[in-house]
Amino acid sequence: MFLSAPLCCYEDPNHFAGQPPQGLPTAAQFQFETRELPAPTAGQVLLKTRYVSVDPYMRGRMNEGKSYIAPFEVGEPIAGGAVAEVIESQNDALPVGSVVVGNLPWQEYSLSDGKGLNRVPTDQAPVSYFLGLLGMPGLTAYFGLLDICQPKAGETVVVSGAAGAVGMIVGQLAKIQGARVIGTAGSDEKVAYLRQLGFDEAINYKTTPDIAQALAAAAPDGVDCYFDNVGGPITDAVYDLLNKYARIALCGQIASYNDTETPVGPRPEGKLLKTSAKLQGFIVGNYYNRWPEGMQKLTEWYSQGKLQFEETITEGFDQIPAAFLGLFKGENTGKAIVKTA
């Protein structure tokens, strides 16, 4: 028995010319195919994808070159975080009806040997939350803020990209630690949502004439911790406000992911030197052995009502590329997810 499985592949039209993608990706760099899957054999399960995560880091996997993760293979399904349901099983640990989360291909159906899959406790939270608050973004926020920034009560924390999947969790975790929190976002609606979450200050960087002046007014006592999801002019402005022994968690640089030339801007080394500040880049995989700790704490705070979360859910498997491209236009508040079934 064979099952027809629609899938979404990465097709880079520049790849065979030996060039990386130029600027913002387009719909032309994705194609849909249907391939046949055989029935699961011993130890395997057949999965039906329910939710697919689209994330900014995926843009980097469209580039060749050394990185912390291999680039996507042209002509093969893109892979990323997904929630799926077991619909056929030859694996006793994953019976039919199990809901799992893992790194899965962008396919409506897929075969797996079960390795790397984790069963989702469906009674704890909406299953899509295991791609957001209780998944990779939540863990990124947890370790980046609490391990690198280590905010103390009364300190000032700035979060760029604060209405994104990671940023909104960072701000709430900082409030749990007793910090004063300032967030930047790209619309009045997002700013209003950040205030609803308890941010002390929120700034719409798109409509603010002078972001440096606005940040200085919002942080009159300087900045002790900066969680950087964005880079660019916002980061340049924050560096001018660093207090002595400030801590910076470098999580993302979405402002420059689609640049076609290397950006030239202020060099921060002198500011870091003068303030004895710590700047540390990280990826959540660095903390893989501590993920259970992070999951336990995030689940605890969520169950206590201390963490709220927002999702932007797009419906339809064929809408995955559009949802991904929307990340770079600021179309999502919180976690961008595609509901495929």
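That block above? That's the structure.
Residues numbered from 1 in each chain as written. Predicted model: local features only at pLDDT ≥ 70, side-chain atom pairs only at ≥ 80, totals over all residues. Heavy atoms only, no water.

Visitor: Where do I start with unusual backbone geometry in this structure?
Guide: Here the phi dihedral of Y245 falls at roughly 65°; this positive angle occurs in a residue that is not glycine. Turning to its location among the elements, Y245 is positioned in strand β12 (residues 242-250). The backbone of S276 shows a phi angle near 55°, a positive value even though the residue is not glycine. Relative to the helices and strands, S276 resides in the loop between α7 (269-275) and β13 (278-281). (Helix = DSSP H or I, 4+ residues; strand = E, 2+ residues; numbered from the N terminus.)

Visitor: Would you mind showing me how to read helix α4 (residues 188-197) here?
Guide: For the α-helix, the turn length of 3.6 residues means that residues three or four positions removed from each other point alike. Within the sequence span of α4, burial applies to K190, V191, Y193, L194 and L197. All buried residues of α4 fall inside an arc of 160° around its axis, so they share one side. Exposed residues lying more than 90 degrees from the buried face of α4 are D188, E189 and Q196. In this fold, the buried residues of α4 make contact with α3 (167-176), β9 (180-185) and β10 (201-204). In the segment just after α4, G198 is the residue with positive phi, at about 110°. (Buried < 20%, exposed > 50% of the residue type's maximum accessible area, 1.4 Å probe, protein only. Arc of directions from axis to C-beta. Contact = heavy atoms within 4.5 Å.)

Visitor: I tried to follow the side chain of T235 on my own but got confused; where do I start?
Guide: Along the chain, T235 turns up in helix α6 (residues 232-239). Looking at T235, its side chain comes within polar contact range of the side chain of Y226, at 2.7 Å. In this structure the side chain of T235 is engaged in a polar contact, spanning 3.4 Å, whose partner is the backbone nitrogen of G231. (Polar contact = N/O pair within 3.5 Å; in protein donor to acceptor, adjacent residues only side chain to side chain.)

Visitor: Help me understand the state of the cysteines, please; the structure alone is not making it clear to me.
Guide: Two cysteines joined by a covalent bond between their sulfur atoms form a disulfide. For the structure on display, the rule yields zero disulfides. Lacking any disulfide linkage, C225 is separated from the closest cysteine sulfur, that of C149, by 4.9 Å. You can see C251 has no disulfide; the closest cysteine sulfur is in C149, sitting 10 Å from it. A relative accessible area of 24% means that C251 is categorised as partly exposed. (Disulfide = S-S within 2.5 Å.)

Visitor: Quick question: what am I supposed to make of the environment of Q29 here?
Guide: Tracing the sequence through the fold places Q29 in the loop between β1 (2-10) and β2 (30-38). As a C-alpha pair, Q29 and K152 span 123 residues in sequence and 45 Å in three-dimensional space.

Visitor: Can you help me understand the nonpolar core in this one?
Guide: For soluble globular proteins, nonpolar side chains are generally found buried alongside one another. In terms of nonpolar packing, the biggest core is built from 49 residues, with L145, I169, L173, L194, F227 and L298 touching the most fellow members. Every element with two or more residues in this core is listed here: β5 (99-105), α2 (136-149), β8 (156-159), α3, β9, α4, β11 (223-228) and α8 (291-303). One finds V158, I182, I234 and I248 within the second-largest nonpolar core, a separate group that totals 19 residues. (Core = buried A, V, L, I, M, F, W, Y, C linked by side-chain atoms within 4.5 Å.)

Visitor: So what exactly am I meant to see when it comes to the pairing of β8 here?
Guide: The two faces of a sheet get side chains in turn, since along a regular strand they alternate between them. Side chains T156 and V158 of β8 all project onto a buried face; the interleaved residues V157 and V159 project onto the opposite face, where all are buried too. Bridge count for β8 against β9 is four bridges, and the pairing is parallel. Considered in β9, the bridge of V159 is made with G183. Taken together, β8, α3 and β9 constitute a β-α-β crossover, and its handedness is right-handed. As defined by bridge partners, β8 adjoins β11 across three bridges and the pair is classed as parallel. If you follow V159 over to β11, its bridge partner there is F227. (Pairing = 2+ DSSP bridges. Right-handed = clockwise from strand over helix to strand, strands pointing away.)

Visitor: Just to check I follow, could you spell out the sheet that holds β10 for this structure?
Guide: Two pairing modes exist for strands in a sheet, parallel and antiparallel, and in both the strands are linked by backbone hydrogen bonds. Across the sheet, six strands lie side by side as β10-β9-β8-β11-β12-β13; this open sheet has parallel pairing. Taken across any chain shown, the strands that pair with only one partner, and hence form the sheet edges, are β10 and β13. Within this sheet the neighbouring strands show an average axis-to-axis angle of 15°, counted without direction. Each of β8, β11, β12 and β13 touches α2; the most contacted strand, β12, lies at about 150° to it. Packed on one face of the sheet, α6 meets β8, β9, β11, β12 and β13 and runs near 165° to β11. (Axes fitted to C-alpha atoms, helices over the stretch in contact; angles between N-to-C directions.)

Visitor: Sorry if this is basic, but what is going on with the side chain of S53 here?
Guide: By secondary structure assignment, the location of S53 is in strand β3 (residues 45-53). By relative accessible area, S53 is classed as buried at 2%. A polar atom in the side chain of S53 sits 2.6 Å from the side chain of D55. Looking at S53, its side chain comes within polar contact range of the side chain of K335, at 2.9 Å. Filtering out sequence-adjacent residues up to four positions away, S53 remains in contact with M58, G81, W106, L131, K335 and A336.

Visitor: Can you walk me through the pattern of salt bridges in this structure?
Guide: Charged atoms that come close allow side chains of opposite charge to pair. Within the structure shown, the criterion is met by 10 salt bridges. A salt bridge links D55 to K335; the shortest N-O distance between them is 3.1 Å. Of this pair, D55 sits in the loop between β3 and α1 (57-60) while K335 sits in strand β15 (residues 335-339); the two residues are 280 residues apart in sequence, bridging distant segments of the chain. Note on accessibility: D55 and K335 belong to one class, buried. Linking E293 and R290 is a salt bridge whose minimum nitrogen-to-oxygen distance equals 3.0 Å. Relative accessible area serves as the criterion here: at 32%, E293 is assigned to the partly exposed category. For R290, a relative accessible area of 31% gives the class partly exposed. (Salt bridge = Lys/Arg side-chain N within 4 Å of Asp/Glu carboxyl O.)

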